[in-house]
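Analysis of the macromolecular model
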Amino acid sequence: MDKQDGRSVGEPGALRLDDPWYDALASGWGERDDAAETTDRWGGTQPQPPEPRSAPHDEVYLAVQRSAAFQEVRRRYRRFVLPGTVAFLGWYLAYVIAATAAPDLMAHRVAGALNVAMLAGLGQFATTFLLTWAYARHARLRRDSAALDIRWETQELTGGNIR
């Protein structure tokens, strides 16, 4: 945006509402900045496909994937996610099965208008938030620093962020 409230961008007090992410494509989408375009038969432009990555980049990423540090990050991820997913799906299926197979049990009043089904349904929401919190905490404490180290090492070996 060049102007806001009648002032030029360079003037003091000018308000800029440029969002650096607004026009940016997601990584790997669209065309590269220096890619040439060709004209199709209707007069529109078609971007050229990006050049494939060089062999050294592929070798770096394969080496990183085989590294002990990367395998440890993946192992920590799996050791949390797989049991958490199985437990949550088991809890969810138990709720659905109990609701269909034992409606009398689910209709049993606990306090006032609250019954077992309502408490179990609210428990589903509570479990979702608890599992989300536990996942974020686990990632922050056990994986994020190791994954960031791997990322920086990979960026150094490949020469930076190449699209």
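Residues numbered from 1 in each chain as written. Predicted model: local features only at pLDDT ≥ 70, side-chain atom pairs only at ≥ 80, totals over all residues. Heavy atoms only, no water.

Side note on the overall build of the protein
Applicable threshold: Helix numbers and strand numbers start at the N terminus; a helix is a DSSP run of H or I with at least 4 residues, a strand a run of E with at least 2. When accessible area is computed with a 1.4 Å probe and restricted to protein chains, residues below 20% of their type maximum are described as buried, those above 50% as exposed, and intermediate ones as partly exposed. We call two residues in contact when some of their heavy atoms are within 4.5 Å. The protein chains shown are the only cover counted for residues, whose accessible areas, like all others here, come from Shrake-Rupley with a 1.4 Å probe.
Tallying secondary structure elements over the protein gives 4 helices and 6 strands in all. Helices and strands appear in the protein in the N-to-C order β-β-β-β-α-α-α-β-β-α. Counting the 163 residues in the protein, one finds 12% classified as buried. Sequence-distant contacts in the protein: of pairs separated by 6 or more residues, those separated by 24 or more amount to 45%. For the protein, the accessible surface area stands at approximately 13,200 Å², while carbon and sulfur atoms represent 60% of it.

Some points on the side chain of T154
Looking at the secondary structure, you find T154 in helix α4 (residues 116–158). Every residue in contact with T154, bar those within four places of it in the chain, is listed here: V60, Y61 and V64.

Considering the confidence of the model for the protein
What counts is decided by this rule: As a per-residue measure, pLDDT reflects the predictor's confidence and takes values from 0 up to 100.
In the predicted model, the protein carries a mean pLDDT of 77, and 64% of its residues have values of at least 70. Mean pLDDT across the secondary structure elements of the protein bottoms out at strand β1 (residues 3–4), with 48, and peaks at helix α2 (residues 68–101), with 93.

Notes on α2
Note the threshold: Here the expected span of a helix is defined as 1.5 Å times the quantity of residues minus one.
Taking 1.5 Å as the rise per residue, α2 with 34 residues should run 50 Å; its terminal C-alpha atoms sit 48 Å apart, in good agreement. For α2, the elements touching its buried residues are α4.

Regarding the packing of aromatic side chains
This is how it is decided: Any pair of Phe, Tyr and Trp rings, taking the six-membered ring for Trp, is counted once the centres come within 6.5 Å. Such a pair is stacked with planes under 30 degrees apart, edge-to-face with planes over 60 apart, and tilted for the rest.
Summed over all chains, the structure comprises 1 aromatic pair. Taking the centre distance of 5.9 Å and the plane angle of 50° together, the rings of F80 and Y135 count as tilted. With F80 in helix α2 and Y135 in helix α4, the pair connects residues that are 55 residues apart, well separated along the chain.

Things to note about a positive patch on the surface
Put simply, the rule reads: Patch members must show over 30% relative accessible area and no salt bridge, and they are joined within 9 Å when carrying like charges or within 5 Å when they are nonpolar side chains of Val, Leu, Ile, Met, Phe, Trp or Tyr. Just to be clear on terms, a salt bridge is a Lys or Arg side-chain nitrogen sitting within 4 Å of an Asp or Glu carboxyl oxygen. None of His or the chain ends enter the tally, which takes Lys and Arg as positive and Asp and Glu as negative. In this description, the location of a charge corresponds to atom NZ of lysine, CZ of arginine, CG of aspartate or CD of glutamate.
Taken together, the side chains of R79, R137, R140 and R142 define a basic patch exposed on the protein surface. The greatest single-element share of the positive patch, amounting to 3 residues, is contributed by α4. Here R79 is to be found in helix α2.

Comments concerning a nonpolar patch on the surface
On the surface, V110, L114, M118, L119, L122, F125 and F129 cluster together to form a nonpolar patch covering roughly 720 Å² of accessible area. Per-element accounting of the nonpolar patch gives the leading share, 5 residues, to α4. On the secondary structure map, L122 appears in helix α4. The class of L122 is exposed, set by a relative accessible area of 53%.

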